[in-house]
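In case you want the letters, here they are:
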Amino acid sequence: MILVSPLIDLKSKASQKLQQIGLPTVAHEDWKYVADQDFEVIKSVSHAVQDYKPCSLILETEYVVVLGKSGIDQGRSRLPKNGVTVEFGDSEVNQNALSGLTQSDDGMVLKAISEMTGVLRILVNPQISLDQPIHIAFDESFLNEQWIQPVVIIELGEKATASVVVHPIMVAGGVVNGLVVVSVADHAQGEIVALNLEGRSAQFVSMSYRATLAESSQFQFLQASHHAGKVRSDVQVTFTAPHANSVLRAVLVLDDQDAVHLRTHMTHLVGECFGRQLVKSILNGQSVSEFHGGVYVAKGADLTDSSQSNENLLLSDQARAISRPQLQIHADDVKAAHGANVGQLDDRHIFYLMSRGIPRAQAEQFLLQSFILEALDSISMPGVKSALKKRLMISGEIGE
Amino acid sequence: MVSIQELYAEIEGKSILKGLSLDVKPGEVHAIMGPNGSGKSTLGKILAGHPDYEVTSGSVTFDGGNLLDMDADERARNGVFMAFQYPVEIPGVNNASFLRMSYNAKRKHLGLPEVDPFEFELLLQKQSKLLKLGEGLLDRSVNDGFSGGEKKRNEILQMMLLEPKLVILDETDSGLDIDALRIVAESVNRFKSPDRSFLVITHYQRLLDYIVPDVVHVLANGKIVKTGDHLLVRELEERGYDWLTGAIPSEVGG
Amino acid sequence: MSKDIHAIASKPYEYGFVTQIESDTMPKGLTEDVVRLISGKKNEPEWMLEYRLKAYRHWLTLTEPHWAKAEYPKINYQDIHYYSAPKITEKKASMDEVDPELKRTFEKLGIPLFEQKKLAGVAVDAIFDSVSVATTFKGKLLEAGVVFCPLSEAIEKYPDLVKKYLGSVVPHTDNFYAALNAAVFTEGSFVFVPKDTVCPMELSTYFRINTQDTGQFERTLIICEENSSVSYLEGCTAPMFDTNQLHAAVVELIALDYANIKYSTVQNWYAGDPETGKGGIYNFVTKRGKCQGKGSKISWTQIETGSAITWKYPSCVLIGDDSVGEFYSVALTNHFQKADTGTKMIHIGKNTRSTIVSKGISAGKSENTYRGLVQINRSAKGAENFTQCDSMLIGKQAIANTLPYIDVRNASSSLGHEASTVKVSQDQLFYFAQRGISMENALQTMINGFCADVFKELPTEFAVEATQLLSLKLENSVG
C-alpha cells in the first residue's frame, strides 16, 4: 500500500505557484533580496554557532519544544500537559491552515510549503491560559543542511492565552526559510517573541509570520535582532473581525555586516481594529536596516486605528537606514499615521545627563539603552525579557 | 568658592560676556539680575560647561581648580549644579533610572559604593515627599510631558540628591505658581549651608522674596554694572533696569 | 432643513472647448522619419537632430512603465500626432498680428498675452499644441539680461547654452517618457538668468492642447547663474475629448552658486468625463532640478487637479554644499482620476537641506498616491530632511496611498517623516452648517486649512486661483 501524504496536494499547488513567480528578487520586490542561485555555500562554521546557547534564555519552569530534522525530540522537550497539543507530522488539519498560503505572492513562503517535510503544530484549546511560555528550539541536526525550512502552525482556541518564543536555528552556511502561521480565535491572546540572534553563520535567514486575528483577539509580536547576519523577516497580520488588537515591535541592534530587511504589514479587512508597528534600530559598523511597513485598510473598514513608527539611530557613517512606512487607505473614517526618523543621539540630552555628573560615554550608552527599553519591557515573559535586556544592554545599568 | 576674572565668551561668533568678574565665597547667596539678553543665562550655562559657548578669555576658579578645564560631567561631579530654566525633555529615558545613574556617578567620584535600585528608591521617596513631587513623575520619562512646575521640582530634587557646592538657579521661578514657588524656595533655604554657595539668576524680584541674597549683581551687556545688598532688589523693582544700562559708560570709565 | 452635500452646485470643466483654427498637423505615428520631420519643421541644426535620433533609438529599447498606482491601457504610440501647429505663414513681428482666434482662446483661458493687459507684471509664453504662439515682455526682460523665449528659438540663438545644459539633468536615458520626449519634443520655454540678476517679474508658460489625439511633448530648460533668481509658473488646460491625450513633458532646472529657482505649477488639464472616466490627459512628466552650486535653492510648488492620470515626481539633486530643495504639493483627485505623485530629494553635498510638504485630497472613486524618495548619501554630511505628507479622504470610494522611501547613509544627518490621514465627515460639515456656514464654505475652509502650508508657497497672483480651482473640482464629492 502506498501512503499518500495528505499535504501532497498542498505542496504541489505551492510548487506550481512558485514556478510562476520564483523567489523574490529585486526585479519584482522593492526590498532587496537575492535569488536562489546567488546563495554561495560557506563551508566553515562560524564561531557564532557555538556562541549561542538557546537554553540560557529558557527558565526551568518553562515549556520547550525541541525540533530536529525528523521531528520533536521528546527527550529534550518539556511539553505542556493539559489542553495543549504539540505534534509533528503532515496531518490533514494542517491543510486548512496552509491552503490559503498556496496562492501567496511570496516565493519564500511558497518554497517553504512546497518543500516541507512536516509541520510542527501547537494547538492551545479554548479557555486554556498557559502560565509559562512555550519555547520552540531547534537542535543540531539542521547544522549542515543547505535549506532549513521549518513550518510551524500555532492555533489559539477561543479565549486561550499563550506566549511562544521562536529561537534561532543554528546553521553553518545554509539558508533558513521558516514559516510560522498563527491563528488567534475570538477573545484569545497570543504573543510571539522571535529571537533573531547569531545569524551570521547562516547564508541568509528568512522568517515569515502570518497571523490571522478573530474578533476581540490580541496578538503581540516582537523581533529582537542582534548579530543577526543577513535577515529577511516578513510579519503580516490580517484582521478578519472587529475589536482585535495587534502590536508588532522590533528592536534591531546591528553592527558589522548585519543587514535586516523587516517587512511588517497589517491588513484591515474589517473596521474597529487597532494596529501598531513600532520598529527601532541602532546601526553601527556597515550594517543596514530596511523597514518596509504597510497598513492596508479595505473599503468599508471604518474606525480602523493603525499606525507605524520607525526610529533609527545611525552611529556609523558606513551604516545605512532605509525606511518605507506605507499606507494604503480605501476607507474614509480611519485613523492612520506613520512616522519615521533617522538621526543620532540628541546633543541636548547628552549635555543634560553630563550636567548631572554622568560621563559622556555612559550618558550615550544610557540613552541608547533607553531607546530600546520600552520595546523590551513589553515582553510578558520574565526570563526572555531579562535575558534580552542583558544581551542588548551591555552595561546593565538600566535593568531592574 | 568660585572666582570669575574678566570672562569673555561668545556663541557662534557673537560675543555675549564682555569682561565679567565675580567672586562668590562659601555660604554666600548671590543674585544675578538684569534685563533680558544681558547674558544672565549665558553665565550659568558657561559655568555648567555648555558646549555651544566658547570662552575667549578670562578665568574661572572653582574650589581651587580651573573650572574651564573640565567637561560638563566633571564639573557636575566636582559640585557644580545648574537648575535649568528649560529642562530638556528626554522621551524614553526613565526618570528614576536617570536620577540613580547621576547619583551613583557622584558616589563613585567620592569613592563611595554605588547604591542599588532598592536603596535608592527609599532615598528618592524621602526627598520627593519633601518636594511634594508626585511619585508618578519618577516612573515617567525625564521631564517628558511634565508641567512647568513639575520640571522645576524635578530639578530641585536632583539638586538635593547631588549635594553640590555651587548651585546655579537659572530663572527657577519662571513657570511656577505661588505654592510651587514656596515649596521650591523652602527646599533651597533648607539646603543652605556654610560650605555651599548659590548663584540665583532671575529677572524678577519674586524669587528673592523667598531666597534672600547676600549680594545682588546687575548684569547688562555682558558685564556687571552694579553690585549691592538685598536692598538693591527693591530699588530695581521700583526703577527698572534702564537707569543702570544707561549708566554703562561711566561704570566703564570708573 | 437639511441640505445634502450632493446638492452643492456642480461646476463643469470650463476650459473644455476646442478652438477652430487651421492646423498644420503631421499624420499619426512615430518613426525615425517623423523625428527628422519634426527637427526639419523647426529648422534645427544637425546636433539637435542627432540628439533626437539617439533618444528615439534608445526609446525603442525601453518598455512602458506600469509600476505606478494607476493602471492604464497600453498606449498605441502610432496613434498619436507628434506635431500639430496653428497655421502661421510667418513669424509675426508684433503681438497684435497673432491670429485673432488664438488671441480669443487665450483670453477665454484668462491668459494675458498682450502687454496692455498686464497681470501684475507676469511675462507669458503661450504654447498651443506644438508651438509657442506668443511670448510677452521679452524686451523688458532682455534689458535685465534675462532670456525668456521658446526653446526652439533658444536652439537657434543660444546653441552653446542649450548644448551644455539640455539633458544634463534629465538625460534621454532617464526613463521611457523622458526618452520619448527627447526624441519628439516640439516646444517649451527656455529661461536664462545671468549672474547677479534678479528676474524682474514672474515668468509664466501656458500650455494648451487643442488638437485631438495630439501628444504634447514640451521641454523646459531654466538656468540660473551665480547669485541670480527667478520665479516661474506653468499652467495647463486642454479641451474635452473622449480619447486620452498624452502629455509627456520634461523640465530641467539648473541652479549655480547661490541661485534660487522657484517653479510653480497649476495643472488643470482635462481629467476625463466625471460620470464614465472616459478621456482626459495622461500626464507623464519628468521634472528635475539640479542644485549644482553652493548655497543654491530649488523650490517646487504644484497644484495638481486635472489629468486622468498623473505620474510626476518633481525632484531635486542637491549637489552643492548647503543647497536647499523644497517640494510643496497639493494633489486633488476626484471621480475616476488617478494621481501618483511625489518627489525625490537626493542629498549629495554637505549640509544640504530638503523639505517636503505633500497634501493629497481624494474624492469620488479616485486614487491618490504620494510616492517619495529621500536619499542622503554618505557624502552628504550634516544633511537634513523634513517630510510631512497628509491625506484627506472625501467619501467612501476614494483611495489614498502614502509610499515613502527613505534611505540614509551617514551618521551626521537627520530626517523626520510624518504622515496622517484626515477625513471630512458629514458630521463636521453639519457642525459648520449648524453654526450658519454653508457646506460649500465649510468644505472650502477645511481644504484651505488642510492645504495652507502649500498655498502660501504660491506666488500671490495664483494662490487665489488655486483655492478656487480646488473647490470647483470637488463638486458633489462629500456624501
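Given the structure is predicted, the values throughout are model-derived calculations rather than measurements.

Remarks on the confidence of the model for chain C
Residue and element names in this part refer to chain C. With 80% of its residues at a pLDDT of at least 70, chain C reaches an overall mean of 83. In this model, residues 1-11 is a region of pLDDT below 50 whose contacts with residues beyond four sequence positions or in other chains number 19 contacts. In the predicted structure, residues 89-95 sits below a pLDDT of 50 and forms 8 contacts with residues beyond four places in sequence or in another chain. Scored as a complex, the prediction yields pTM 0.82 and ipTM 0.82.

Some words on helix H2 (residues 46-60) of chain C
Owing to its 3.6 residues per turn, the α-helix brings residues three or four apart onto one side. Residue and element names in this part refer to chain C. With 15 residues, H2 should cover 21 Å at 1.5 Å per step; its first-to-last C-alpha distance of 21 Å lies within 8% of that length. Buried within H2 are the following residues: Met48, Leu49, Tyr51, Arg52, Leu53, Ala55, Tyr56 and Trp59. On its buried face, H2 is in contact with helix H1 (32-41), helix H5 (151-157), helix H7 (176-184) and strand E8 (219-224).

Observations concerning the interface of chain A and chain B
Taken together, the contact pairs 19 residues of chain A with 36 residues of chain B. Taken over both partners, the interface formed by chain A and chain B buries close to 2200 Å², and the fraction arising from carbon and sulfur atoms is 68%. The interface formed by chain A and chain B includes 1 salt bridge. Here B:Glu155 makes a salt bridge to A:Arg356, at a shortest N to O gap of 2.6 Å. Scanning the region where chain A abuts chain B turns up 10 residue pairs in polar contact (both at pLDDT 80 or more). Secondary-structure elements contributing two or more residues to the side of chain A that touches chain B are helix H5 (347-354) and helix H6 (360-377) of chain A. Tallying contributions element by element places H5(A) first for the side of chain A that touches chain B, with 6 residues. In the side of chain A that touches chain B, the residues fall into 9 nonpolar, 5 polar and 5 charged.

A closer look at the packing of aromatic side chains
All names here are of chain C. Inspection of every chain in the model, using the stated rule, returns 24 aromatic pairs over all chains. Relative to Phe176, the ring of Tyr77 lies with its centre 5.4 Å away and its plane at 65°, an arrangement referred to as edge-to-face. With Tyr77 in the loop between H2 and strand E2 (84-86) and Phe176 in helix H7, this residue pair connects regions lying 99 residues apart in the sequence. By relative accessible area, Tyr77 is classed as buried at 7%. Taken together, the ring pairs connect Tyr56, Trp59, Trp67, Tyr72, Tyr77, Phe176, Tyr177, Tyr282, Phe284, Trp311 and Tyr313 into an aromatic cluster. In this arrangement the basic side chain of Arg219 is found over the ring face of Phe185, its NZ or CZ atom lying 5.8 Å from the centre.

Points about unusual backbone geometry
The phi torsion of most residues other than glycine is negative, and most of the peptide bonds are trans. A positive phi angle, near 55°, is found at C:Asn227, a position not held by glycine. Take C:Asn227: it is sitting in the loop between E8 and strand E9 (229-237).

Section: the pattern of salt bridges
All names here are of chain C. For the structure shown, the criterion picks out 48 salt bridges over all chains. Between Glu32 and Arg36 there is a salt bridge whose closest N-O contact spans 3.4 Å. Residue Glu32 and its partner Arg36 are both found in helix H1; the two are separated by 4 residues, about one turn of the helix. Judged by relative accessible area, which is 27%, Glu32 ranks as partly exposed. Arg36 gets classed as partly exposed once you look at its relative accessible area, which sits at 38%.

Remarks on the interface of chain C and chain A
Taken together, the 33 residues of chain C in the interface contact 33 residues of chain A. For the pair chain C and chain A, the two sides together bury roughly 2800 Å², of which 43% comes from carbon and sulfur. Where chain C touches chain A, the interface holds 5 salt bridges. With a shortest N-O distance of 2.5 Å, C:Lys396 and A:Asp302 are connected by a salt bridge. The interface formed by chain C and chain A contains 19 residue pairs in polar contact (both at pLDDT 80 or more). Mapped onto the side of chain C that touches chain A, the elements with two or more residues apiece are strand E21 (384-394), strand E22 (399-408) and strand E23 (414-423) of chain C. For the side of chain C that touches chain A, the element with the most residues is E22(C), which contributes 10 residues.

Considering empty space enclosed by the protein
Counting across every chain of the model gives 7 cavities of 30 Å³ or more. When its volume is computed, the largest cavity comes out at roughly 180 Å³. Lining the largest cavity are 18 residues, with A:Pro168, A:Leu195, A:Asn196, A:Val205 and A:Met207 positioned closest to its centre. Contributions of two or more residues to the lining of the largest cavity are made by strand E10 (189-197), strand E11 (204-213) and strand E13 (230-239) of chain A. Top contributing element to the lining of the largest cavity by residue count: E10(A), with 4 residues. Of the residues that constitute the lining of the largest cavity, the class distribution is 12 nonpolar, 5 polar and 1 charged. Of the pockets and cavities examined, the second largest cavity occupies roughly 100 Å³. Lining the second largest cavity are 16 residues; nearest its centre among them are C:Ser358, C:Gly360, C:Asn368, C:Thr369 and C:Tyr370. Elements with a contribution of two residues or more to the lining of the second largest cavity: strand E17 (324-333), strand E19 (353-363), strand E20 (367-376), E21 and E22 of chain C.

Rules used in this analysis
Residues numbered from 1 in each chain as written. Chains lettered and ligands numbered in written order. Predicted model: local features only at pLDDT ≥ 70, side-chain atom pairs only at ≥ 80, totals over all residues. Heavy atoms only, no water. pLDDT = per-residue confidence, 0-100. Contact = heavy atoms within 4.5 Å. Helix = DSSP H or I, 4+ residues; strand = E, 2+ residues; numbered from the N terminus. Expected span 1.5 Å × (residues − 1). Buried < 20%, exposed > 50% of the residue type's maximum accessible area, 1.4 Å probe, protein only. Buried area = accessible area lost by both parts, 1.4 Å probe. Salt bridge = Lys/Arg side-chain N within 4 Å of Asp/Glu carboxyl O. Polar contact = N/O pair within 3.5 Å; in protein donor to acceptor, adjacent residues only side chain to side chain. Nonpolar A, V, L, I, M, F, W, Y, C, P; charged D, E, K, R; others polar. Phe/Tyr/Trp six-rings, centres within 6.5 Å; stacked < 30°, edge-to-face > 60°. Lys NZ or Arg CZ within 6 Å of the ring centre and 35° of its normal. 1 Å grid on protein atoms, 1.4 Å probe; cavity = no way out; pocket = protein on both sides within 12 Å on 5 of 7 lines; lining within 4 Å. Points joined across faces, edges and corners; volume = space filled by probe spheres on them.

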